[in-house]
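Spelled out from the first residue to the last, the chains are:
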2 protein chains.
Amino acid sequence: MSADDPRAALRERLRELDDLQHASRVLGWDQQVAMPAAGTAARGRAGGTVERLAHERLTDPELGSLLDAAEAAGEDPGVIRAVRRDHERARRVPGELVAEIAQAAADAQPVWQKARETSDFALFAPALKRNLELRRRVAACFPEAAHPYDALLDQFEPEMTTAEVRSVFDRLQAGLRPLIAAIAGKPLPDPLGGVYPVDAQRTLSLEIGRTIGFDDESWRLDVSTHPFSQKVGPGDVRVTTRYDEADPLSGLLSTLHEVGHGLYEFQVDPALAGTTADTGTSLGIHESQSRLWENQVGRSRAFWAHWYPRAQELFGDALAGVDLDAFLRAVNVVRPSLIRVEADEVTYAMHIVLRFELEVAMLEGSLEVDDLPAAWNARMSELLGVDVPDDAHGVLQDIHWSFGELGYFPTYALGSIISAQLWEAAGAAIPDLEGAISRGDAAPLRAWLGENVHRHGRTRTTDEILRATTGGPLDPDPLVRYLTTKFGALYGLVPS
Amino acid sequence: MSADDPRAALRERLRELDDLQHASRVLGWDQQVAMPAAGTAARGRAGGTVERLAHERLTDPELGSLLDAAEAAGEDPGVIRAVRRDHERARRVPGELVAEIAQAAADAQPVWQKARETSDFALFAPALKRNLELRRRVAACFPEAAHPYDALLDQFEPEMTTAEVRSVFDRLQAGLRPLIAAIAGKPLPDPLGGVYPVDAQRTLSLEIGRTIGFDDESWRLDVSTHPFSQKVGPGDVRVTTRYDEADPLSGLLSTLHEVGHGLYEFQVDPALAGTTADTGTSLGIHESQSRLWENQVGRSRAFWAHWYPRAQELFGDALAGVDLDAFLRAVNVVRPSLIRVEADEVTYAMHIVLRFELEVAMLEGSLEVDDLPAAWNARMSELLGVDVPDDAHGVLQDIHWSFGELGYFPTYALGSIISAQLWEAAGAAIPDLEGAISRGDAAPLRAWLGENVHRHGRTRTTDEILRATTGGPLDPDPLVRYLTTKFGALYGLVPS
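Here the structure is a predicted model, which is why all the values come from computation and not from measurement.

(A) Local environment of the overall build of chain A. In terms of regular secondary structure, chain A is built from 21 helices and three strands. For 496 residues, the compact-globule estimate of 2.2 N^0.38 gives 23 Å, and chain A sits close to it at 23 Å. For chain A, the C-alpha atoms occupy an extent of roughly 70 × 55 × 50 Å along the three principal directions. If you take every contact in chain A between residues at least 6 apart in sequence, the share linking residues at least 24 apart comes to 74%. Only carbon and sulfur atoms are counted for the fraction: they give 52% of the accessible area of chain A, which is about 19,600 Å².

(B) Highlighting the interface of chain B and chain A. On the side of chain A, 37 residues touch chain B, which itself brings 37 residues to the contact. Summed over both partners, the interface of chain B with chain A buries about 2,900 Å², with 55% contributed by carbon and sulfur atoms. When the buried area of chain B at its contact with chain A is split by residue, Asp19, Pro36 and Arg45 of chain B rank highest and sum to 20% of it. Our count for the contact surface shared by chain B and chain A stands at 10 salt bridges. The salt bridge partner of aspartate 18 of chain A is arginine 45 of chain B, with a shortest N-O separation of 2.8 Å. Across the chain B-chain A interface, the total number found is 20 residue pairs in polar contact (both at pLDDT 80 or more). At the level of elements, α1 (6-33), α2 (40-59), β1 (219-223) and β3 (236-241) of chain B are the ones that each hand at least two residues to the side of chain B that touches chain A. Broken down by element, the side of chain B that touches chain A gets its largest block of residues, 12 residues, from α1 of chain B.

(C) The arrangement of the relation of the copies chain B and chain A in detail. With an RMSD of 0.0 Å, chain B superimposes on chain A once it is rotated by 180° and translated 0.0 Å along the axis. This pairing of chains is accounted for by a two-fold axis. Residue alanine 23 of chain B, judged by its C-alpha, is the member of chain B lying nearest the rotation axis, at 3.3 Å. The overlap is high: 100% of the interface residues of chain B also sit at the interface in chain A, so the same surface is used on both sides.

Rules of the game
Residues numbered from 1 in each chain as written. Chains lettered and ligands numbered in written order. Predicted model: local features only at pLDDT ≥ 70, side-chain atom pairs only at ≥ 80, totals over all residues. Heavy atoms only, no water. Helix = DSSP H or I, 4+ residues; strand = E, 2+ residues; numbered from the N terminus. Rg over C-alpha atoms; globule rule 2.2 N^0.38 Å. Contact = heavy atoms within 4.5 Å. Areas by Shrake-Rupley, 256 points an atom, 1.4 Å probe, with all protein chains shown as cover. Buried area = accessible area lost by both parts, 1.4 Å probe. Salt bridge = Lys/Arg side-chain N within 4 Å of Asp/Glu carboxyl O. Polar contact = N/O pair within 3.5 Å; in protein donor to acceptor, adjacent residues only side chain to side chain. Least-squares fit on C-alpha atoms with pLDDT ≥ 70 in both.

Right under this line is the structure:
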């Protein structure tokens, strides 16, 4: 490739954009993990400037011309498609609208917090109406979309449609409601007691992270209020978790979840470095990677067959009287409940189905904001059989709508669905996957995911990855099968 | 100030520059403190891009016009002067020369390392000649300078001249050589024995840092290979240190040193935030702040009268049999030696005088690079009475010349000189300063430094600060007096 090859010119452009995004990622990680609190104002300003400079480069018309020229010259079509999508999307939504959205979100934050504290939805309703209006204007920037919600969903799930999600979610909830109803009457296992020192939890988290796939030259593990994972750049993956000394499970499962996210980006083909296409292709695929390691692996008997003796060694007395069966019941407790972030593997997706339905209805205008709490409470009763006592434990519980973030929630459940599809495919492709996991050997699964999902970065869409690995499209049946089989056995249910 | 006021336009420009420098500072801190090793290549690229974007803004001719217009409109002349100096300096040195210097430094690094390992100066000589040639070209960009070295010194000590430094260093070495000779024959104190756990060292470092001036909303203390201090932005000061479990002094004195640097920038007037003038005005003044807290305060009887009981409490057995007098002798051991970074308070400046003389001679051409080792060894013998066994322990010991960094070394000794001048001035202005320190009360000294040095940021030069606080220019006599008095008493020397 010569210096005046349009592919080289494109790569040089993308490298500068990627460098600015690299700086943004470090500023973000630092803010959540390291920055002293009094640095907040200056950080907000500096982060905003770096993002603006990156946005200028992304929307530059010359980038559009370079994409065309580089495509004609044979540049990787997956890279061209991913970057062109970013470029066109960024150009479609006017900068003033982006600024209005940011301002509305900043204004709505304290209002939502106050409303949640006092469980007063009426206080939050005007801000939500404003956010909704702004998102309708975003959707209107994409008049070719079949449904206005498609334009919002597309930010997080490129090329997925509202109709597809609706159909899949309908099948999912129909499939899971009998299981949830059957489990609801069963007694809960004893909770784990004792004290689990942070140092021991960190040691176990590090050992598990290293076994799953990181070398210590390439990652670090820290604590943050809200655990997250961030690849800063090639060879630099940051994972955070949190530790509760009264409960070892929340920290360990959080670590597994974030390690799953981190491993995804860590294993992207190094040839994509600097193209901005070396990250996750969609939030659904991203979430499938975290859920797979957290749930299919991290809540399995095979996994703990290997790791439970080590946990007992590290935690000493606290787990001395708890056998593996009792521990596994504690790891897999199921209880229909009010709060999404506390939900278990079986009921979690119902919280998402609810939010998706309500978001679509509000955006369409078929549900008025003022009627939202009543709709929420009625549907919670249908989906999970729980009564919502107040809006703080209902419609006001999540921060997302205070940012006006619509289209994001579905990706959580898409992650669960996809994780089960990939898990079935991996199980069929890898001889004795369960045996490997029960020996503490994550290499076969890591290699399979690397080859079939991770290395492609953003050059393949969700649908392309699913068709290549499972032979078909997004499909909720593997998740229903997996949950029904696993929890049927754990809860001693009679197969229907 | 209206929106079309040129002062507002200048501030907006400077804010963007400051935001990019903020990002650079975070990238730098992260690289030294947090980044996994495998992230190095990507970080180098991203850091380079952010620095290039900042440099483009600094050299923009429109910035020059804005400085003129804002000055006419009444902008703070200290801010105008500091920014104009940056702007003009950056425009004077061509970008290609800057790139050549960076490349030569990168090429010279491994050569210098190899040369030091094998104590083979001849191996390093060609790289040093190349670096010297490039610095002569930098100096030639400033033809109005009275001496070519002035142009290099000016990067670190704005408006200070080679002639002034030479005269002050001549007086300093004449003043200190009798003291060094008198101490050289005296027996050394017993070294401290025992083990000093890192946790206890960190606890003491944090307590001292908080007492000197930081609140935990505004700083953090970490470990790095080479301790440093960095204000990222207002309310966000990062200090690093290192701990040696066999020696509590190196870590504690390193913490005091870096806290001194950090406190300086922490106390800059918040009104200067975002102007790029809210940092240290020169490396000499910066180093005076670190040395003052490390030496005049941190190696004093008054300081340890308060802190030694706490140290004994934290370190338990290790210090149980060591009384305050013995501990103070260990803190203040003096021994002429070969290595600059291991030198004590009395002999340190001689290492710098040596380097300054040799740098000036090489730049002038009165000393050939090939003759440098012989000149080094002869002058070490005169200044410190030590024989240099090989070049690894002599001319090859420091990294600076491998970067081609000339003009930097003098600032270390300027820091010592200025710290003694400010210490005398503070002692005269603050009633019972020693009493306050012996009660663990750093507030009077912190307030005096804040008012007279720190708050001005870069709006006052070294000379202006010295004249305002001491009534005169840079002067080595206070340092000679301070060292002669203190070490005369410690070593039982007869006053001459």
